[in-house]
Amino acid sequence: MSVREIRDMAVVGAGVMGAGIAQIAALAGLTVYLFDAREGAAESARQGLVATFDKLVAKGKFDSATAQAAAARLRPVNNIAELADCQLVVEAIVERLDAKRALFAELESVVADDCILATNTSSLSVTAIAAGCRLPGRVGGFHFFNPVPLMKIVEVIDGLQGEAWVGETLLALGERFGHVAVRAKDTPGFIVNHGGRGYGTEAMRILGESITDEAGLDRILREQAGFRMGPCELFDLTGLDVSHPVTESIYAQYYQEPRYRPSVITRQRLEAGLLGRKSGQGFYCYVDGVQQVPEEPAVPVVANLPPVWVSHVRPAYRANVVALLENLGATVELGLRPSDEALCLVLPLGGDATSSAKAEGLDPLRTLALDILLPLDRRRVLMTTPVTGPGWRDAAHALLAADGVPASLIHDSAGFVSQRVFAQIINIACDMAQQRVATPGDIDRAIRLGLGYPQGPLSWGDALGAETILQVLDNLHTFYRDPRYRPSPWLIRRAMLGLSLLTPDN
């Protein structure tokens, strides 16, 4: 059976997700039957969608004729038996395996044998849901993201027993809805929730090592790395009651894979009820819904700046740093060794200030590390050794912030902040490609759209350099001795061959 054209579909569960799916389906020209076990919920959802259509007309998104036609296609029903003629039923009910299995068993007694049964589950196995069905081959995942009309991505998931035409039909329908439809194997977290494990878990590990504080962490990852929100801000917005259980679930489903290891920080905060915005306090406090962010430490005033010596270990990076320092008015020592009066800057990739100072035979009291992986015109990040003298620290801070570009000071950390987070995100995406969770292109598109990243993780890896990311991971793995940082075979091979991380295997 080839791709089927869907004309009549049903949505079971008329909450926020179900209503969102019904909205885009009705606007795409489908007749949509709405059913909810709660009395009056389906009709209430229809009324809410009609009001939404009117608001969109007022904003000029489409004309009143389009709104009226879409509203006319919404059909609330009071009995599940009224879904008998639907070609597709999408469930958007409670996230419990027993509830979804029971619903699909009931639906199988009502609909035709060629009706697709689709689940909007975000964390349950599509294969496990289908296993309770008489015809498991017609069950597929159709995972949208909230808010459905604005999040233009849908994951189509093939269960182990799913028939090819089901996934192909759902892909075509997702595109008809105006979304980017990507196809995934039935693995924990699918694409987006799986790929999203690197950002928050590595950020919490950094916070747990007291490398910086919450506001400092967010500033670095927002301003230096370019993420739309810092991890603490994001946890507060989502709510730890939502985000932490997902992390624990994926970690458990992957049998304690170290790359997905949750943090005790988020578990303790969840248990304390510090959920974020919804509770008035999370990583930040909220007064009348407004986030209270502590001011950034002031740049120290240093009357007489010392000369600066820059490590020769990475010549290409060194040239950029020397040019910047000279533009900032610094006296740069160009010799192979620093004088006894020089501030020493090292430029590690995946390493820390202490290890770099030791390896290069430098005085750790006057050594700091500068993060050179990312552009130096947004926010600069300096790392001290445990014994860096306050005067040397303040001199480096004053100098690197002299042109108004903010500079963050962090404690010693293999891989700084951004290097660690990027390496983890990219490595996880590489391993998803290695596992054939989806095509490299679909992995990149889904994570970029689903998580709001400026770039997809594999594209990011190409921009930063696969060899560079591999070096960061190798150094992190050597320092921490933690399998969390072992590089994916996908990354290793493409770095060795000089290939793009988006290159699929032949």
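Each remark here, short or long, concerns the structure printed above.
About the thresholds
Residues numbered from 1 in each chain as written. Predicted model: local features only at pLDDT ≥ 70, side-chain atom pairs only at ≥ 80, totals over all residues. Heavy atoms only, no water. Helix = DSSP H or I, 4+ residues; strand = E, 2+ residues; numbered from the N terminus. Contact = heavy atoms within 4.5 Å. Lys, Arg positive; Asp, Glu negative; His and termini not counted. Charge placed at Lys NZ, Arg CZ, Asp CG, Glu CD. Axes fitted to C-alpha atoms, helices over the stretch in contact; angles between N-to-C directions. Parallel < 35°, antiparallel > 145°, perpendicular 65-115°, else oblique. Left-handed = near helix turned anticlockwise from the far one by under 90°. Salt bridge = Lys/Arg side-chain N within 4 Å of Asp/Glu carboxyl O. Buried < 20%, exposed > 50% of the residue type's maximum accessible area, 1.4 Å probe, protein only. Expected span 1.5 Å × (residues − 1). Disulfide = S-S within 2.5 Å. Phe/Tyr/Trp six-rings, centres within 6.5 Å; stacked < 30°, edge-to-face > 60°. Lys NZ or Arg CZ within 6 Å of the ring centre and 35° of its normal. Pairing = 2+ DSSP bridges.

A. Up close: the overall build of the protein chain. Summing up its helical and strand segments, the protein chain has 20 helices and 16 strands in all. For the protein chain, the spread of C-alpha atoms along the principal axes amounts to about 85 × 55 × 40 Å. When contacts within the protein chain are restricted to residue pairs at least 6 apart in sequence, those whose partners lie at least 24 apart make up 70%. Of the side chains in the protein chain, 47 bear a positive and 57 a negative charge, and the two mean positions are spaced by 2 Å.

B. Focus on the packing of helix 16 (residues 418-434) against helix 18 (residues 457-464). Their axes nearest at 8 Å, the elements helix 16 and helix 18 cross at an angle of 120°. Classed by the angle they form, the pair helix 16 and helix 18 counts as oblique. For the pair helix 16 and helix 18, the sense of crossing is left-handed. Between helix 16, through F422, I425, I426, A429 and C430, and helix 18, the contact on the second element is made entirely by P457, L458, W460, G461 and L464.

C. Up close: the pattern of salt bridges. Applying the stated criterion across every chain, the model contains 32 salt bridges. Two residues, K278 and D241, come together in a salt bridge whose shortest N-O distance is 3.1 Å. Linking K278 in the loop between helix 12 (264-271) and strand 9 (285-287) with D241 in helix 11 (residues 240-253), this pair joins segments that are 37 residues apart in sequence. For D241, a relative accessible area of 33% puts it in the partly exposed group. A single salt-bridge network, built from bridges that share partners, covers E202, R205, E209, R261, R420, D482 and R484.

D. Molecular detail of helix 1 (residues 16-27). Taking 1.5 Å per residue as the helical rise, helix 1 with its 12 residues ought to reach 16 Å, and the 17 Å between its terminal C-alpha atoms agrees with that figure. In terms of burial, helix 1 is a largely internal element, 9 of the 12 residues being buried. Of all the positions in helix 1, only G18, A19, G20, I21, A22, Q23, I24, A25 and A26 are classed as buried. Where helix 1 ends, the next residue or the one after it, G29, has phi of about 100°, a positive value.

E. A look at the state of the cysteines. For the structure shown, the criterion picks out 0 disulfides. C115 takes part in no disulfide bond, and the closest cysteine sulfur to it belongs to C86, at a distance of 6.6 Å. Here C232 is not cross-linked by a disulfide; its sulfur's nearest cysteine counterpart is in C285, at 13 Å.

F. Inspection of helix 10 (residues 231-238) at higher detail. For helix 10, the set of buried residues is P231, C232, E233, F235 and D236. With its phi angle positive at about 95°, G239 sits one or two positions after the end of helix 10.

G. Quick peek at the packing of aromatic side chains. Applying the stated criterion across every chain yields a total of 15 aromatic pairs. Aromatic side chains F53 and F62 sit 6.4 Å apart centroid to centroid with 70° between the ring planes, which places their arrangement in the edge-to-face category. Looking at R205, its charged tip hangs above the ring of Y480, at a distance of 5.0 Å from the centre. Over the ring of W490 we find R494, and its NZ or CZ is 3.4 Å from the ring centre.

H. Just the pairing of strand 7 (residues 153-158), in detail. Judged by how many residues are buried, strand 7 sits mostly within the fold: 5 of 6 residues are covered. As paired elements, strand 6 (residues 139-144) and strand 7 share 5 bridges and run antiparallel to each other. Paired with F144 across the strands is V154, a residue of strand 7. Where strand 7 meets strand 8 (residues 180-185), 6 bridges bridge the pair, whose relative direction is parallel. Across the sheet, I157 pairs through a bridge with A184, a residue of strand 8.

On their own, these measurements won't tell you what the molecule is for.
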